[in-house]
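Structure assessment
So you can see what is in the structure, the chains are spelled out below.
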Amino acid sequence: MADKKNVQPLYQGPGRSTFSGRLGFVLSAAGSAVGLGNIWRFPYLAAKYGGGIFLLVYLILMLTFGYTMIMAETALGRMTKKSPVGAYQHFGKTGFLKFGGWINAIIPILIVPYYSVIGGWVLKYLFEYVIGNTQAVAADGYFGGFITQAAPVELFFVLFSLANIVTIYMGVQNGIERVSKAMMPLLVILAIFVAAYSVTRPGAMEGVKYFLVPNFEHFSWMTVVSAMGQMFYSLSIAMGILVTFGSYMKNELDVEKSTTQVEIFDTGIAILAGLMIIPAVFAFNGGDPNTLKAGPSLMFITLPQVFASMGLGRLGGIMFFLLVLFAALTSAIALTESAVSTFEDELGWDRKKASIIMGVVIIGLGTLSTFGYSIWSSFTIIGMQILDFFDFLTNSVMMPIAAFCNCVLIVKVITLVRLDAEIEQSSEFKRKPVFHICIRYVAPLFTAIILASSVASAFGLLTL
């Protein structure tokens, strides 16, 4: 192994866009991480897999597995000053390096169209609360009736997508960073208000206790597997985002401190989301297990019923769905930026052309998902609707493979000595021993478990 003192960090000359400083990176990276995975997926998984014990397992994984992956991807981006394809091929042109780079790059291109469809659903619900239809959106069958109408779903999807593309078109500092600096503080304020509103409802404290106090009787192997899977959603792991954002990071910025702040921000929002949703459901129905485990329908069916049953339900609905809209939009922006950066780096397109082409891709693929519940509802892929299939393909198959490739790249190709040198040019790297153990052994094992369990579940071999 080479002597660490003789290892020189990589450097890219001027010309690439950068964040203005650590705050710009932290808020933009946190914006990518804080999305529907935090506000919607985290609470229902916590409710389904044991409440407080799920939260405890998640926090342990966040400090080990999650920390390792966001550190690795951010450092890789800053080291190479490239988006995923270029970052991998900086170290050679082997088949593995081409595959690893492109799978990281393709994932956001496939995710952002169907993610924007869900963002359109959120925008629709916010609109309905603003105009005062609090009781209407809580009616039985409202959500199912809405998503089976092609034209309204397409309209709100396109509006959401346009907001995303316009932000990307404006650039890194003028678009992504500026929007993140505006939206993320507002998101935190809204999250605190909604959580405070939720936990003060009569009967809500039982929900707070269920969510925050670990009960080891609720622990199961699926608690661990589900918490591991949630890491990918919560931290934007293996989506090319952190590599891309890392490439916009200035060399003098402290990588470890910056990514730690992203961890704290992301985890704090996830906990607030749990306090927004789980106590509210307890207050609504006394903690009925079937309601708590409602899964995807929790946000669009159960919560509107909760708001309709409460005083100031219209205000609660506006604040909640505005919060979710901000979270969804910042994540969609990050996903799109990763794809646009790849187009710029690998195809030589300017930002204007790359943004417009990505906009066409989003509208084209997203329209497949909007129609998948309406005029094309009879068409399924391995028993899944089009949106569900894209979600399964990216999150359950491609992302674990991409994360495994990232581990192999760092350990076998770059080497830990070289990556350490990149990080330590601006960081103390206090958790280096944890990073080394996790990147060598823990992260590859966990990604393999997530892949195997997700695929087995999709084909009915395992119940998650």
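Above: the structure in question.
Residues numbered from 1 in each chain as written. Predicted model: local features only at pLDDT ≥ 70, side-chain atom pairs only at ≥ 80, totals over all residues. Heavy atoms only, no water.

Our focus in this paragraph is the pattern of salt bridges. Taken as a whole and judged by the stated rule, the model has 6 salt bridges. The partner of glutamate 128 in a salt bridge is lysine 124, and the shortest N-O contact between them spans 2.7 Å. Taken as a pair, glutamate 128 and lysine 124 lie in helix α5 (residues 95-130) at a separation of 4 residues, close to a single helical turn. Considered together, glutamate 128 and lysine 124 belong to a single accessibility category, that of buried residues. Residues lysine 432 and glutamate 424 are paired through a salt bridge, measuring 2.8 Å at the closest nitrogen-oxygen approach. For glutamate 424, a relative accessible area of 24% corresponds to the partly exposed category. Overlapping salt bridges, with partners in common, bring together Glu337, Glu344 and Arg351 in one network. (Salt bridge = Lys/Arg side-chain N within 4 Å of Asp/Glu carboxyl O. Helix = DSSP H or I, 4+ residues; strand = E, 2+ residues; numbered from the N terminus. Buried < 20%, exposed > 50% of the residue type's maximum accessible area, 1.4 Å probe, protein only.)

Okay, the packing of aromatic side chains next. Across all of its chains, the model carries 25 aromatic pairs by this definition. Centre to centre, the rings of phenylalanine 42 and tyrosine 58 are 4.9 Å apart; their planes meet at 70°, and the pair counts as edge-to-face. Of the two residues, phenylalanine 42 is situated in helix α2 (residues 36-48) and tyrosine 58 in helix α3 (residues 52-80); the sequence distance between them amounts to 16 residues. The exposure classification of phenylalanine 42 matches that of tyrosine 58, with both residues buried. Among the aromatic residues, those joined into a cluster by ring pairs are Trp121, Tyr125, Tyr129, Tyr142, Phe143, Phe300, Phe307, Phe320, Phe321 and Tyr373. When the ring centre of tyrosine 197 is taken as origin, the NZ or CZ atom of arginine 201, which lies over that ring, is 4.3 Å away. (Phe/Tyr/Trp six-rings, centres within 6.5 Å; stacked < 30°, edge-to-face > 60°. Lys NZ or Arg CZ within 6 Å of the ring centre and 35° of its normal.)

Our next topic: helix α10 (residues 205-212). Listed as buried for α10 are Gly207, Val208 and Phe211. When α10 is viewed along its axis, its buried side chains cluster within an angular range of 100° and face the same direction. Exposed residues on α10 whose side chains face more than 90 degrees from its buried face are Met205, Glu206 and Lys209. (Arc of directions from axis to C-beta.)

Next up on the list: unusual backbone geometry. Here threonine 415, not a glycine, exhibits a phi torsion of approximately 80°, which is positive. Within the secondary structure, threonine 415 is located in the loop between α18 (386-414) and α19 (416-424). Its relative accessible area of 29% is what places threonine 415 among the partly exposed residues. Despite not being glycine, phenylalanine 429 has its phi angle at roughly 55°, a positive value. According to the relative accessible area criterion, phenylalanine 429 is buried, its value standing at 3%.

On to the nonpolar core, then. Counting residues in hydrophobic clusters, the biggest one holds 147 residues, and the most contacted among them are Trp121, Met276, Phe320 and Phe321. Setting aside chain neighbours within four positions, we find methionine 276 in contact with Ile39, Ala191, Val194, Ala195, Ser198, Phe320 and Leu323. (Core = buried A, V, L, I, M, F, W, Y, C linked by side-chain atoms within 4.5 Å. Contact = heavy atoms within 4.5 Å.)

Before going further, it helps to examine the packing of α3 against α18. Two measures define how a pair of helices packs: the angle their axes make with one another and the distance between the axes. Here α3 crosses α18 at 60°, and the two axes come no closer than 11 Å. Between α3 and α18, the angle is such that the two are oblique. In the packing of α3 onto α18, the handedness of the crossing is left-handed. Note on element contacts: α18 touches α3 through Ala403, Asn406, Cys407, Leu409, Ile410 and Ile414, opposite Met69, Ala72, Glu73, Leu76 and Met79. Looking at side-chain class alone, the contact of α3 with α18 contains 9 nonpolar, 1 polar and 1 charged residues. (Axes fitted to C-alpha atoms, helices over the stretch in contact; angles between N-to-C directions. Parallel < 35°, antiparallel > 145°, perpendicular 65-115°, else oblique. Left-handed = near helix turned anticlockwise from the far one by under 90°. Nonpolar A, V, L, I, M, F, W, Y, C, P; charged D, E, K, R; others polar.)

A cluster of nonpolar side chains, contributed by Leu56, Ile60 and Phe216, occupies part of the molecular surface with about 300 Å² of accessible area. Looking at where leucine 56 falls in the secondary structure, it is placed in helix α3. Overall, leucine 56 belongs to the partly exposed group, its relative accessible area being 31%. (Patch = residues over 30% accessible without salt bridge, like charges linked within 9 Å, V, L, I, M, F, W, Y side chains within 5 Å. Areas by Shrake-Rupley, 256 points an atom, 1.4 Å probe, with all protein chains shown as cover.)

Turning our attention to α5. In this model, α5 (36 residues) spans 52 Å end to end at C-alpha, consistent with the 52 Å of a helix rising 1.5 Å per residue. Maximum bend of α5: about 30°, positioned at valine 112, with proline proline 113 one to four residues after it. Of all 36 residues making up α5, 28 are buried, and the element is well covered by its neighbours. Looking one or two residues past α5, glycine 132 carries a phi angle of roughly 95°, positive in sign. (Expected span 1.5 Å × (residues − 1). Bend = angle between axes of the 7 residues up to and from the residue.)

The contact between α2 and helix α11 (residues 221-235) brings their axes to 10 Å, and the two run at 175°. Classified by the angle their axes make, α2 and α11 are roughly antiparallel. Facing α2, whose interface residues are Gly37, Asn38, Arg41, Phe42 and Leu45, α11 presents Ser226, Gly229, Gln230, Tyr233 and Ser234.

What follows is about the state of the cysteines. Within the structure shown, the criterion is met by 0 disulfides. Lacking any disulfide linkage, cysteine 407 is separated from the closest cysteine sulfur, that of cysteine 405, by 9.2 Å. (Disulfide = S-S within 2.5 Å.)

Worth remembering: the numbers are spatial, not functional.
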